[in-house]
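# Survey of secondary and tertiary structure
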Amino acid sequence: MMRRPAALIALCAGFVLSTQALAAELPQRWVSAGGALSEWVTALGGESRLVGVDTTSQHPASLKALPSVGYQRQLSAEGILSLRPDVLVGTEEMGPPPVLAQIRKAGVRVELFSSKAELDAVDQNLKHLGQLLGAEPQATALAAGYRQQLDALQAQVKHAQAGQKAPGVLLLVGHAGAKPLIAGQGTAGDWLLRQAGAHNLAEHQGYKNFSNEALAALDPDVVVFSDRALADEQALQALLKENPALAASRAVREQRLVSLDPTLLVGGLGPRLPATLRSLAATFYPAAKGSFAQ
Amino acid sequence: MLQVEGLHLRRGSNEVLHDIHLQLTLGQVVGVLGPNGAGKSSLLGVLCGELAPDQGHVTLQGRPLADWAGQERARRLAVLPQVSSLGFSFRVEEVVGMGRMPHGSGQVRDAEIVEAALRAADAWHLQGRSYLALSGGERQRVHLARVLAQLWPGEQGTTLLLDEPTSMLDPLHQHTTLQAVRRFADRGAAVLVILHDLNLAARYCDRILLLEQGRCHALASPDEVLTPGALKAVFGIDVLVQAHPERGHPLIITR
Amino acid sequence: MRQRVQPRTLIICLSLLCLLAVWLSLALGPVSLPLFDTLRAGLRLLGLPIAGDGLQQAEMILGQIRLPRTLLGLAVGAVLALSGVAMQGLFRNPLADPGLVGVAAGAAMGAAVAIVGGSWFGGMPEVLAPYLLSLCAFIGGLGVTALVYRLGRRDGQTNVATMLLAGVAMTALGGAAVGLFSYLADDATLRTLTFWNLGSLNGASYERLWPLLMVATGVALWLPRRARALNALLLGESEARHLGIEVERLKRELVFCTALGVGAAVAAAGLIGFIGLVVPHLVRLLAGPDHRVVLPASLLAGGVLMLFADLAARLLLAPAELPIGIVTAFIGAPFFLFLLIRGRS
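Residues numbered from 1 in each chain as written. Chains lettered and ligands numbered in written order. Predicted model: local features only at pLDDT ≥ 70, side-chain atom pairs only at ≥ 80, totals over all residues.

### A few points about the overall build of chain A
Rules: Helix numbers and strand numbers start at the N terminus; a helix is a DSSP run of H or I with at least 4 residues, a strand a run of E with at least 2. To sort residues by burial, count the other C-beta atoms lying within 10 Å of each one's C-beta; a count of 20 or more means buried, 12 or fewer means exposed, and anything in between means partly exposed. C-beta atoms are built from the backbone. The contact criterion used is a C-beta to C-beta distance within 7 Å, with each C-beta placed from the backbone.
Of regular secondary structure, chain A possesses 12 helices and 10 strands. Judged by the C-alpha coordinates and their principal axes, chain A covers about 85 × 45 × 30 Å. For chain A, with 294 residues in total, the buried portion stands at 43%. Considering only contacts within chain A whose residues lie at least 6 apart along the sequence, 61% involve residues at least 24 apart.

### Thoughts on the domain arrangement of chain A
Note on interface size: it is often stated as the accessible area lost on association of the parts. Residues and elements named next belong to chain A. Short version of the rule: The split into domains, and so the bounds of each, comes from an automatic or database assignment of domains.
Here chain A is described as being made up of domain 1 (27-141) and domain 2 (166-292). One C-alpha centre belongs to domain 1, the other to domain 2; they are set 28 Å apart. Across the boundary between the two partners, domain 1 contributes 20 residues, which contact 10 residues of domain 2. Only α2 (35-43) and α5 (119-133) provide two or more residues apiece to the side of domain 1 that touches domain 2. No other element matches α2, which puts six residues into the side of domain 1 that touches domain 2.

### Here's the deal with the packing of helix α4 (residues 103-120) of chain C against helix α11 (residues 247-269) of chain C
Helix-helix packing is described using two parameters, namely the angle between the two axes and the distance between the axes. Residues and elements named next belong to chain C. Counted only if it meets this: Angles shown run from 0 to 180 degrees and are taken between the N-to-C directions of axes, each axis being a line fitted to C-alpha atoms and, for helices, limited to the stretch in contact. Working rule for angles: under 35 degrees goes down as roughly parallel, over 145 as roughly antiparallel, 65 to 115 as roughly perpendicular, anything else as oblique. Helix crossings are classified by the rotation of the near helix relative to the far one: an anticlockwise turn of less than a right angle makes the crossing left-handed, while a clockwise turn makes it right-handed. Gly falls in the polar group here, along with every residue not listed as nonpolar (Ala, Val, Leu, Ile, Met, Phe, Trp, Tyr, Cys, Pro) or charged (Asp, Glu, Lys, Arg).
Remark: α4 packs on α11, axes separated minimally by 9 Å, with the N-to-C direction vectors making an angle of 40 degrees. Taken together, the axes of α4 and α11 lie oblique to each other. Every pair of crossing elements has a handedness; the one defined by α4 and α11 is right-handed. Contacts between α4 and α11 involve V103, A104 and A107 from the former and T258, A259, V262, G263, V266 and A267 from the latter. Looking at side-chain class alone, the contact of α4 with α11 contains seven nonpolar, two polar and no charged residues.

### Quick word on the interface of chain C and chain A
Of the residues lining the interface, 24 residues belong to chain C; the matching set on chain A comes to 25 residues. Within the residue set of the side of chain C that touches chain A, elements represented by two or more residues are α3 (56-90), α5 (129-151) and α7 (187-198) of chain C. If one sorts the elements of the side of chain C that touches chain A by residue count, α7 of chain C sits on top with five residues.

### Some words on unusual backbone geometry
Going from H59 of chain A to P60 of chain A, the amide bond is cis rather than trans, its omega being -5 degrees. Along the polypeptide, P60 of chain A turns up in the loop between β2 (50-53) and α3 (77-81). Look at the link from W152 of chain B to P153 of chain B: it is a cis peptide, with omega at 0 degrees. One can find P153 of chain B in the loop between α5 (136-151) and β7 (159-163). Within the chain, E164 of chain B stands out as a residue other than glycine whose phi angle is a positive 45 degrees. Tracing the chain through its elements places E164 of chain B in the loop between β7 and α6 (171-186). One non-glycine residue with positive phi stands out, namely R92 of chain C, at about 50 degrees.

### Details of the arrangement of the chains
Ranking by contact count across two pairs of chains in contact places chains A and C at the top. At the level of C-alpha atoms, the two units chain A and chain B stay apart, their nearest approach being 42 Å.

### Let's talk about the pairing of strand β12 (residues 250-254) of chain B
Residue and element names in this part refer to chain B. Threshold: Two strands pair under a simple rule: DSSP has to find at least two bridges between them.
Inspection of the sheet shows strand β11 (residues 239-243) paired to β12 by five bridges, in the antiparallel sense. If you follow Q242 over to β12, its bridge partner there is L251. Between β11 and β12, which follow one another and run antiparallel, lie six residues, and G248 among them has a positive phi close to 90 degrees.

And the structure:
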């Protein structure tokens, strides 16, 4: 009779000890390379474990206080090792390969994630992250919530398309307005536009320069611009100044111009996207604006 | 001895040298005179192997010039070009020392020869200075010392070719240079020197080759070559020729 | 005339400086290792029987990261400096740079082909990628130099001025080709291309090092043997010929030494500029233009400069890293301008 509480205590102790042991196996010091990945880690509550991030990890702002390990394609082996990490997480955009090999040789885990612009990639990444953080239930919830938000958005977009044709849109990525690259098929930008219900007027693959004339010929209904150097209003001014041919387009005449944070286009799909997609969709379908607000 | 026979040289459709015969004998200074474009530098080019003749052959000590190996030839034949384009700040004695490259005479002997050559070219006071800091005339004398060092002491079997070695020199040094060349010849070297100053040629040369449009107008002693008739025909100038009051060689006075 | 540093003094000082640079390069880095640990790990790597507990990290950092990097820096610096001397001798101009003959442009083209072509074929196996890049850069550099050399040859003689102009044209063509490849590349490969253009000793490994070490040793052993001939070449081509030097053969050797050296260095570490210009110039300023001093001194000084530049690249922004080409450009470009201004006065 007296053995049951003891067994219970032993069972509880065992359970606690095993979770502790499990926690001890989980990497405690993280270096993250890839903006979206760092955001997911933060979303899953792992920010306290980050000891270093790359230059593309700028959200949330508190990450900028962490030591920088450089651009994700040009990491420094010794630099990362000096932070004594247990794990290096990044997408396949991470490099250079010899450095990753050196880091592995030093006994640090290197976990690769997908940067593809697909929902399945997000699911996979979240599951993997959840395992590494010991936060599987939160990860599953986040993934489900993400998918749900995107499905809801799809439904709203379809609804809006009943009353209005999909607008022709171009996504321009520039640097202080000059030489903007147009997001073509297969890019993260393209995925964004399509999710928000737009018709991407650019038919080419990847990001390419266009001549001003070609830009004018496409005559988009809406222009989404993303600038690596300037923000919002300044970016718009610079864009219009450097590309006067745009002024003739319908988008500019009707003032249908949207600014987009460039970090959203790098490192895979991140947690801030649903909100951005909603505001994009609202701009694309002004008549149905109300339904996108949340 | 350097010898050329039946030399023809063409550049494009121009005949630059026509049927030249010349033999440089030891101990003699041959001066080459002629107006611009007469072919003086081309002749020197052929004699030193820079230019290949279209017809005729150049022989050094009986062997065709082209058959000589580089260093072997360099021990017997030295050339002083008209201009130098050295753009690095070597010291004067280093420049002269390069003349000793074809020889394996060792550092001590080389240093002695360099000093002797510099003195002969009246450039010993320039030693220790940077080549780039010298004037045009001083540089010319350093290069003269270099070619003298290359053939030092100028014995039989060595040949010295000089392309206008006095062009940038003041009157004193024009004479000291040619005197050094003369002394070289006196020791047995064969010398050919292109000059444009008729009186210098008259004083220092044993024979003169007068070129006109690539052809040999005359090849003989200064007395025989430097006549008013010849000079009028080749240069188009009216001259008086008198004997130098102290030395006796022809003195050309333009009327 | 300004006093010259004695050759022996210069070589000794440079050797000591070289040892210091190697020491600092091995001892300093973003990972702060206690000096004692570095020493012990170093001795263990040399094969001495010393207790190795607690030294794993030091051994790993030293042996896998810092040592190959130091060796790479020494080799690249030495080869680039020697190539600079060779080019300056060939063009008889102290401002000549190996890039003038188009080697760098050719190497850049080769690398662009490898980087962009690789992405077209759906990416290469990761292990193969660095070797393919190196090989393509090497072939590109050698190919362009050979072409430029042929263009400059006429009647069995090499016209240096023509070579120079052909080199300039090749550099322009190379730049256009790289631009075209950049245009055709997707964002990812474009970034890789850009970073390669800036040069870096990052990720140095022993596998990448061997070809460069072989070339560097070859060039370092060969050029000093031609020191006197190079001196004579500075007088002028015909003057050198009249001193008994086989000028055409010497020019050929200089061109190929440079192409091999620069091609190998660029293939191993990307485009790193100005070493070939700055180092020989400094050496000449100190000890005069005699190649018997300039060649060995430039070899040492090139290595030293490279290692110090790499220290700056590694430590200034730790734990991130500056591409070393930026550091050398910041040193070299103002120096070059200073030389030009001084030359005018």
